[in-house]
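# Coordinate inspection notes
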Amino acid sequence: MSQAGYPSEVIIREVGPRDGIQSEKAEVGVADKIRLIDALSATGLPRIEAVSFVSPKAIPQMADAREVWAEIRRNPDVFYSALVPNRKGAEIAAAVGVDGVQVFTAATDSYNLKNTGVTVEDSLTRVRDVVAVATAAGIPVEGTISTAFGCPYEGDVPPGRVVQVTRWLIDEGITTISYGDTTGMGTPRRVRDVIAALQAEAPEVTLNMHFHDTRGTGLANVLTALEMGVDYFDASVGGMGGSPYAEGATGNIATEDLVHMLDDMDISTGVDLQALIAAGRIAQSFIEGDLPGKVLKAGPRLS
Ligand code: MG
């Protein structure tokens, strides 16, 4: 039994192979990407964001996405998704047979303009295209709203604005949405405010939290979200990644740190921590510098 007040089970989506690698300085080869995804596929993780189908000019690290996707050993128990920015990306994702696609926008125009060249409202055309292509192919679509807990250009983001963008995505047919703390500005207080607003004003949405540990609040934010009943989180093995558009925004929360904490709270994830740490060592072998994951370095509290 998990402790009272927390979900008994949590779904983790591993985003290291996509969000992690695309933000790393080291150029990661196809063979290493495949080795990492195959290792992650054998850890019990239920969901892996494996690749993104984006312009290689925009994100050079994902230029080989088709090759990677074609050669990984797919575990039938794992749901593999791809991040896509537009119709073209969705068409590729549908053609190669991913299990799901993730389409994104942001809570703030400044960030979205920098990241994608269009305002949030204008990005809805692309969202609509992605939903149309994916729906025709029978592939589920989830959304991401970046800068949901703060924006490097606009500062604090009012929770009402996050609700507004959420409602726009709902209007496009998206009912599972990931809230990105893109540059690590989230704190338990911000997380509580945003989740409370969403639960009150968009209760039909399934919430996923995508936290970064840029300023050391990553797992505190997870705990806050757990207390509010959220049971779906993104994390990146070893804490790989950040945002290439936000200087210094390194580090999604580390998957093994998350699993380690949840294990001790008797919250089930289905993930084998030792196997996950082994996958983290693979990531460390091709990443420049030390990965920020803490359990990767220190090991579990009882080992
Ligand atoms: Mg991220």
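Heads up: the structure comes first, above all this text.
Residues numbered from 1 in each chain as written. Predicted model: local features only at pLDDT ≥ 70, side-chain atom pairs only at ≥ 80, totals over all residues. Heavy atoms only, no water.

Turning to the overall build of the chain, a few remarks are in order. The helix and strand inventory of the chain stands at twelve helices and eight strands. Taking 2.2 N^0.38 as the reference for a compact globule, 303 residues should give roughly 19 Å; the C-alpha atoms of the chain span a radius of gyration of 18 Å, in line with that estimate. Taking contacts inside the chain between residues at least 6 apart in sequence as the whole, the part at least 24 apart equals 75%. Of the accessible surface of the chain, which amounts to about 12,200 Å², a share of 49% is contributed by carbon and sulfur atoms. Once the 25 positive and 40 negative side-chain charges of the chain are each reduced to a mean point, those two points are 4 Å apart. (Helix = DSSP H or I, 4+ residues; strand = E, 2+ residues; numbered from the N terminus. Rg over C-alpha atoms; globule rule 2.2 N^0.38 Å. Contact = heavy atoms within 4.5 Å. Areas by Shrake-Rupley, 256 points an atom, 1.4 Å probe, with all protein chains shown as cover. Lys, Arg positive; Asp, Glu negative; His and termini not counted. Charge placed at Lys NZ, Arg CZ, Asp CG, Glu CD.)

Read once around its circumference, the closed barrel built from eight strands follows the order S1-S2-S3-S4-S5-S6-S7-S8, with strand pairing classed as parallel. In this sheet, adjacent strand axes meet at a mean angle of 30 degrees when their direction is disregarded. Sheet topology places strand S2 (residues 47-52) next to strand S3 (residues 79-83); five bridges connect them, and they run parallel. By the bridge assignment, Ile 48 is partnered in S3 with Tyr 80. Taken strand by strand, helix H10 (residues 255-264) contacts strand S1 (11-14) and strand S8 (232-235), and its axis lies near 165 degrees from that of S1. (Pairing = 2+ DSSP bridges. Axes fitted to C-alpha atoms, helices over the stretch in contact; angles between N-to-C directions.)

Looking now at helix H7 (residues 159-171). Over its 13 residues, H7 runs 18 Å from end to end, which matches the ideal 18 Å to within 8%, given 1.5 Å per residue. In this fold, the buried residues of H7 make contact with strand S4 (100-106), helix H5 (109-116), helix H6 (120-137), strand S5 (141-146), strand S6 (176-180) and helix H8 (188-201). (Expected span 1.5 Å × (residues − 1).)

The next subject is the side chain of Glu 14. Secondary-structure assignment places Glu 14 in strand S1. One buried charged residue, Glu 14, forms no salt bridge at all, with the nearest opposite charge on Arg 13 at 9.8 Å. Here the side chain of Glu 14 touches Gly 16 through a polar contact of 2.7 Å, landing on its backbone nitrogen. (Buried < 20%, exposed > 50% of the residue type's maximum accessible area, 1.4 Å probe, protein only. Salt bridge = Lys/Arg side-chain N within 4 Å of Asp/Glu carboxyl O. Polar contact = N/O pair within 3.5 Å; in protein donor to acceptor, adjacent residues only side chain to side chain.)

Quick look at the pairing of S6 now. Of all five residues in S6, five are buried; the element is thus mostly enclosed. Residues Thr 176, Ser 178 and Gly 180 point to one face of S6 and Ile 177 and Tyr 179 to the other, with burial holding for every one of them. In this structure, S5 lies alongside S6, joined through three bridges in parallel fashion. Residue pairing for S6: Thr 144 is matched across the bridge by Ser 178. Between S5 and its parallel partner S6, the chain crosses via H7, and the hand of that crossover is right-handed. (Right-handed = clockwise from strand over helix to strand, strands pointing away.)

Here the magnesium ion is held by the protein donor atoms Asp 19 (OD), His 210 (NE2), His 212 (NE2) and Asn 252 (OD1), which lie 2.0 to 2.3 Å from it. Within one chain, the residues serving as donors to the magnesium ion are arranged as D-x190-H-x1-H-x39-N. On the criterion of sequence distance, the pair formed by His 210 in strand S7 (residues 206-210) and Asn 252 in the loop between S8 and H10 is long-range, its members being 42 residues apart. Residue Asn 252 is classed as buried on the basis of its relative accessible area of 3%. (Donors = N, O, S within 2.8 Å, 3.2 Å for Na, K, Ca; no water.)

All chains considered together, the criterion is met by 18 salt bridges. Residue Arg 13 is joined to Glu 142 by a salt bridge in which the shortest nitrogen-to-oxygen separation is 3.3 Å. Taken as a pair, Arg 13 in strand S1 and Glu 142 in strand S5 lie far apart in primary sequence, 129 residues in all. Look at Arg 13 and you get buried, because its relative accessible area is 2%. Taken together, the shared-partner salt bridges in this structure form one network comprising Arg 13, Arg 47, Glu 142 and Asp 234.

Let us look at unusual backbone geometry. The phi torsion at Thr 147 lies on the positive side, around 50 degrees, for a residue other than glycine. Among the structural elements, Thr 147 can be located in the loop between S5 and H7. Phi at Asp 266 is positive, roughly 55 degrees, even though this residue is not glycine. Within the secondary structure, Asp 266 sits in the loop between H10 and helix H11 (273-286). Residue classification places Asp 266 among the partly exposed residues on the basis of a relative accessible area of 49%.

Nothing here speaks to function; it is geometry throughout.
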